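Structural characterization, general
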Amino acid sequence: HQHFAPAVATPGWGSPAMLALSALSTSFLVPALRASPPLSSLPAQSAGLSPAPPAVVAEAARRGGGVVRMEETEGPSETLQALGVAGGLTAFCFAFFYALTSAGVDDVVAGNLLLVALAAAGAGLFFFDGGATQAALEASAVQQVANEEGDLMEQAPLLPPASLPAAAVATSTAAAAASLESEGVLFVDGLLEASEAARLRSHVEEWLETAKTEAADDTAPEQRFGGVLSRASRYDLYLPLDPPVASALEACAAQLAPLLEEVLGEDPELFELSALISDRGAPRQPVHPDTGFTPQTALLTAFVALQEVTPDLGPTFFLAGTHTRAAHERFNGEPGEKLQLLRSSPRRIGTLPAGAATLFDSRLLHGGGENAQGRRVLFYFTFKARESPRLPKGSLLASLRYRHSLRSLLGAPAAAA
């Protein structure tokens, strides 16, 4: 935050040279507000190298707080814009000062009045602009964390691709559960047919346009979008349980049902049903878990690729084995511990053929990559253990909340509540 001290009558501030200096300094107020603070200066509780403000992560919701991508260097156009602002403010300062002194105001008093006016303008920008400046500050802080984390994780081992066919998940449930318990993530091939994935993608894109129109017109009967970390060019789009979605969900859940019940217990609750949409230009997300550490797995989430996910589309990255108490203590502990955790934790990258999925524990550290190519759509659903602790609401339409379980979706008798 920028702190504004009250003006004091200091001889010399009324001089034209000092006026020019104050104008030039103030002209860089906006760029300064939008500049990222150093990572070490961020408060402690972030999903990152050193913690971003808790409000940033909280407001970002489970997958979320996003903002415009901040580049590390200022381009020529930004420099020219800053010089233009500087020139305009300098001219204003001289004109304002000249008007006051022409009206008989003492030079020092006129200079102090000018400083008060500039401070008031800065305070108005910061506190009364609808939160835009504060959001830009938070966005910049979050994005710097994400970028520095990415550099650190490049030093960590990259695990080779490994996946199970969907049929093997049902026939080798114990082995699949052991792999999930060990790494916190399991790659599953062929969960949806490629043709069904393509149909669902088209349906999701149509629903996205409808939801955006309703949001713009304020006519949506219920909330359509969730929070998502680094939301520039990203959407967390809640899905209705209409025929295309219901058909895909049933096909996926039927194949994963034995594993879901093995890990989460009998008849877990449908906790989320949504689509993560990432367009070209979406920045890297900070490393984060979807829930804090709990002794038992509370949530399992499946990300199903509705098109091939290549490295340029910003696939999800997973830090294998970081769903443990020890990993969370290091992640939320001293900065040095976090640094070492990010440098040493083996990574899996969610590059997937259409119809394949990643199934992961909500405690696992992960994040979305930078999308440099085009639209990537992931259909996702989450099931919650009935014995799990109370959790914040997931990405699910209010009309679907607390109404469906694994067995009810598959047409089987639901477990007793």
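Bear in mind the structure is a predicted one, so any value in this text is a computation, not a measurement.

Next up on the list: the overall build of the protein. Counting its regular elements, the protein contains 13 helices and 13 strands. The burial tally for the protein puts 47% of its 417 residues in the buried class. Relative to all contacts within the protein whose residues are 6 or more apart in sequence, the contacts with residues 24 or more apart total 86%. Carbon and sulfur atoms make up 58% of the accessible area of the protein, which amounts to about 18700 Å² in all.

The biggest cluster of nonpolar side chains holds 48 residues, and the ones touching the most others in it are Val204, Leu239, Leu273, Phe379 and Phe381. Per element, the largest residue contribution to this core is 10 residues, and it comes from helix H10 (residues 243-264). Discounting residues that sit within four places of it in the chain, Phe381 has contacts with Leu249, Cys252, Leu256, Leu270, Glu272, Leu273, Leu300, Thr301, Ala302 and Val304. Residues Val185, Leu352, Phe360 and Tyr380 belong to the second largest nonpolar core, which totals 14 residues.

Our focus in this paragraph is helix H8 (residues 173-183). Within the sequence span of H8, burial applies to Thr173, Ala176, Ala177, Leu180 and Glu183. Buried positions in H8, seen along its axis, are confined to an arc of 150° and lie on one side of it. Away from the buried face of H8 by more than 90 degrees, exposed residues Ala174, Ala175, Glu181 and Ser182 are located. Looking one or two residues beyond H8, the residue adopting positive phi is Gly184, at roughly 85°.

So, about empty space enclosed by the protein. Scanning the entire structure with this criterion turns up three cavities of 30 Å³ or more. Taken as a whole, the largest cavity holds about 120 Å³ of empty space. Around the largest cavity, the lining is made up of 14 residues, and of these Leu276, Gln285, Phe303, Gly368 and Arg376 lie nearest the centre. Mapped by element, the contributors of at least two residues to the lining of the largest cavity are strand E7 (269-278) and strand E12 (366-368). The residue inventory of the lining of the largest cavity, partitioned by class, reads four nonpolar, seven polar and three charged.

Position of Val263 relative to the elements: it lies in helix H10. The spacing of Val263 and Glu181 is 82 residues in sequence and 8.5 Å in space, taken between C-alpha atoms. Look past the residues within four positions of Val263 in its chain and what remains in contact with it is Ala177, Leu180, Thr297 and Leu300.

Right, let's talk about unusual backbone geometry for a bit. We note that Asp218 has phi near 60°; this positive angle belongs to a residue other than glycine. What makes Asp218 exposed here is its relative accessible area of 71%. In this model, Asp267 sits at a positive phi of 45°, which is unusual for a non-glycine residue. As for its position among the elements, Asp267 is in the loop between H10 and E7.

Mapped onto the fold, Phe383 is located in strand E13 (residues 376-384). A C-alpha to C-alpha distance of 9.3 Å links Phe383 and Leu273, two positions 110 residues apart in sequence. Beyond its immediate chain neighbours, meaning those up to four positions away, Phe383 contacts Leu260, Leu264, Pro268, Glu269, Leu270, Phe271, Ala298, Leu299, Leu300, Ser405, Leu406 and Leu409.

What follows is about the pairing of strand E3 (residues 185-189). The element E3 is largely enclosed, with a buried count of four among its five residues. Where strand E2 (residues 164-165) meets E3, two bridges bridge the pair, whose relative direction is parallel. The partner of Leu164 across the bridge, within E3, is Val188. In terms of strand pairing, E3 meets strand E11 (residues 357-361) through four bridges, oriented antiparallel. Paired with Phe187 across the strands is Thr358, a residue of E11.

Thresholds applied
- Residues numbered from 1 in each chain as written.
- Predicted model: local features only at pLDDT ≥ 70, side-chain atom pairs only at ≥ 80, totals over all residues.
- Heavy atoms only, no water.
- Helix = DSSP H or I, 4+ residues; strand = E, 2+ residues; numbered from the N terminus.
- Buried < 20%, exposed > 50% of the residue type's maximum accessible area, 1.4 Å probe, protein only.
- Contact = heavy atoms within 4.5 Å.
- Areas by Shrake-Rupley, 256 points an atom, 1.4 Å probe, with all protein chains shown as cover.
- Core = buried A, V, L, I, M, F, W, Y, C linked by side-chain atoms within 4.5 Å.
- Arc of directions from axis to C-beta.
- 1 Å grid on protein atoms, 1.4 Å probe; cavity = no way out; pocket = protein on both sides within 12 Å on 5 of 7 lines; lining within 4 Å.
- Points joined across faces, edges and corners; volume = space filled by probe spheres on them.
- Nonpolar A, V, L, I, M, F, W, Y, C, P; charged D, E, K, R; others polar.
- Pairing = 2+ DSSP bridges.

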